[in-house]
Amino acid sequence: MKTYSDIAGDGGSDVLGQVLQQRERIAEAMAGIDHVVAIGSGKGGVGKSTLTMQLALALGRAGRRCAILDADLNGPCQARLAGLERAPLLPGDRGMALPRTPDGLGVVSLGSLLPESEHLAFDSVATGDSHVWRATREFNLFQQLLGLVDWGRLDFLLVDLPPGAERTLQYAEALGPAARFVLVTIPAALARGVVARSAAALGTTPNEVLGYIENMSGYYCGTCDGVRPLFDGAAGDAPELGLPCLARVPFDPRLATASDAGEADLPPGPVLHALDEAAEQLLRCVA
Amino acid sequence: MKFLCVPCDEQMKLKHALGPDGGSVALVYACPACSAEMAMMTNPHETQVVGSLGVKIGPGEAPETAAAASKCPFTGMLADMGVPLAAQGADRDASPADGESGANGGNGAPAGIPWTAEARERLANIPDIVRTSAVAGIEKFALDHGYDEVDAAVLERARSFFGIA
Ligand SMILES: Nc1ncnc2c1ncn2[C@@H]1O[C@H](COP(=O)(O)OP(=O)(O)O)[C@@H](O)[C@H]1O
Ligand SMILES: [Mg+2]
Ligand SMILES: [Zn+2]
């Protein structure tokens, strides 16, 4: 009896061919991008989205052309951070036009299309069983975004990841081995323990993890113009990450306020300094 | 997935399809040697999982138009076979919003103005899930600026209006 590999084709649909075609489309769309860097953590609420935007701005200050892809399809934040909650998606002749902030930063986020009062819903013939197919559908949408956007020439595409150590691994596999990772943690064992799991998961992939950024590393007090401890100590007994620290970014309430309002610019201070430091380290890592 | 006729040791070929019916599609395969036929019937989970992969099942390709977007992954095949689907009814020059199924779409979409074939074709560059919202935004721009048709030039004007390079 013939085996699977004895039979050419699949009887009419050429599913494999379609998948390969999609991969080619993505490679073609991303051909002008020098570096893909995904910002992950595994933990939620540690500042991945905030730092993705700030890192893109810092790289912009260093003269690099950047765009952000918001991969947190279910909790997209980049549209608000960029002040692009109403950016129209326009089809060009070579793909979907890349929405840009007035400063020229490209930002693709589902938050530009879905009001915050709505959740991302997909049509389904398997109503009530979204756990069976939902992740597959989300990665299909993510790959559509990668392949359809007219990214043009970019020094950096930063990808803002959703939480979840397993998700971080899945995005590494969806982005391919050339994508590099930066992990965000905060000085608390609860967070670093999860980030260590993400680092372990990424260790099973060929993707390079450039290092981590310690966010909320102290509290910047504007009144006394100094940085005070925010968390009590370091990360207690949580495992070491075994990765280089790219920067330590203090908590600054002005950053939270500006982020909520979609205002990019930060006043000079320890936060801005740390972000420029992080961008410099990143440039050194990929050089 | 491949199907083999064991007595003939021949690959069976996709012949036609029935459905979708209650989320299920029946794919009928025939053996080119002995003409025996068999049907593979999907349950709604299987139909949905295949649809989530973003591949089309069936001989031949589905037309890459906005109107071809449907919740059924087997759309391409069914369309080729003349099985009527809701999304297939859209006229060539009607608004693409009319034949759309995007789950998050449709909210506040205007009545619709005509699109030229070239402008419609460009809509394939927008991910299917957000195509309806994109169409609504473009039609609003066109109506607000006094155009009575969406063509490639209107799309370009929208780009510069919104400062998109
Ligand atoms: N260094 C910081 N200083 C002030 N606020 C911060 C800082 N980092 C993050 N935040 C705030 O913390 C909250 C969570 O940040 P966010 O970037 O959404 O985290 P994540 O993407 O990891 O879930 C937001 O309200 C954000 O403004
Ligand atoms: Mg986030
Ligand atoms: Zn046979």
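Please refer to the structure placed before this passage.
Each chain has its residues counted from 1, running along the sequence as written. The order in which chains are written sets their letters, starting at A; the order in which ligands are written sets their numbers, starting at 1. Selection of residues for local features in this predicted model requires a pLDDT of at least 70, selection of side-chain atom pairs for listing and counting requires 80 or more, and totals for whole chains, interfaces and linings are taken over all residues. Excluded from the side-chain calculation are hydrogens and water; included are all heavy atoms of the structure.

S.K.: Residue-level account of the sheet that holds strand 5 (residues 37-41) of chain B, with values.
M.R.: All names here are of chain B. Here we have three strands laid out as an open sheet, ordered 3-4-5, and antiparallel in their pairing. Sheet topology places strand 3 (13-21) and strand 5 at the edges, where each strand pairs with a single neighbour. For this sheet the average axis-to-axis angle between neighbouring strands, irrespective of direction, equals 20°. The criterion for strand pairing is that DSSP finds at least two bridges linking the strands in question. Elements are defined by DSSP. Helices are runs of H or I of four residues or more, strands are runs of E of two residues or more, and each kind is numbered from the N terminus. Angles here are taken between N-to-C directions and fall from 0 to 180 degrees, while the axes themselves are lines fitted to C-alpha atoms, restricted in helices to the stretch in contact.

S.K.: How would you summarise the site of ligand 1 if you had to cite specific residues and measurements?
M.R.: Residues and elements named next belong to chain A. One heavy atom suffices: a residue is near a molecule or strand as soon as one of its heavy atoms comes within 4 Å of it. Around ligand 1, the surrounding shell holds 14 residues, and the nearest of these are G45, K48, S49, T50 and N215. Contacts described as polar in this section are N or O atom pairs within 3.5 Å, which, within protein, must combine one atom able to donate a hydrogen with one able to accept it, while residues neighboring in sequence count only if both atoms come from side chains. Note that an oxygen atom of ligand 1 is positioned 2.9 Å from one of the side-chain N or O atoms of S49. Contacts to ligand 1 include P250, whose backbone N or O atom sits 3.0 Å from a nitrogen atom. Expressed as a share of its isolated accessible area of 560 Å², the protein-covered part of ligand 1 is 80%. Surface accessibility in these figures is a Shrake-Rupley result with a 1.4 Å probe; residues are shielded only by whichever protein chains are displayed.

S.K.: A description of unusual backbone geometry should follow, citing residues and the corresponding values.
M.R.: The phi torsion at A:M216 lies on the positive side, around 55°, for a residue other than glycine. Turning to its location among the elements, A:M216 is positioned in strand 6 (residues 209-221). Throughout, exposure labels follow a simple rule: accessible area from a 1.4 Å probe, protein chains only, divided by the maximum for the residue type, with under 20% read as buried, over 50% as exposed, and the rest as partly exposed. A residue is classified by how much of its surface remains accessible, and A:M216, at 16% relative accessible area, is buried. Unlike most non-glycine residues, B:S35 shows phi in positive territory, near 70°. Here B:S35 is to be found in the loop between strand 4 (24-30) and strand 5.

S.K.: Can you tell me about the packing of aromatic side chains, naming the residues and giving the values?
M.R.: Each Phe, Tyr or Trp ring, with Trp reduced to its six-membered ring, pairs with another whose centre is within 6.5 Å; inter-plane angles below 30 degrees give stacked pairs, above 60 give edge-to-face pairs, and intermediate values give tilted ones. Counted by the stated rule, this structure contains nine aromatic pairs over all chains. Ring geometry for A:F142 versus A:Y171: centroids 4.8 Å apart, planes at 85°, classification edge-to-face. Here the residue A:F142 occupies a position in helix 4 (residues 130-148), and A:Y171 occupies one in helix 5 (residues 165-175), the gap between them amounting to 29 residues. Comparing A:F142 with A:Y171 shows no difference in burial state: the two are buried. Relative to B:F162, the ring of B:F161 lies with its centre 5.0 Å away and its plane at 85°, an arrangement referred to as edge-to-face. One aromatic cluster in this structure is built from B:F141, B:Y147, B:F161 and B:F162. Its end group placed over the ring of A:Y4, B:K2 keeps NZ or CZ at 3.8 Å from the ring centre. Consider the ring centre and the ring normal. A charge sits over the ring if Lys NZ or Arg CZ is within 6 Å of that centre and within 35 degrees of that normal.

What is shown is where atoms sit, not what they do.
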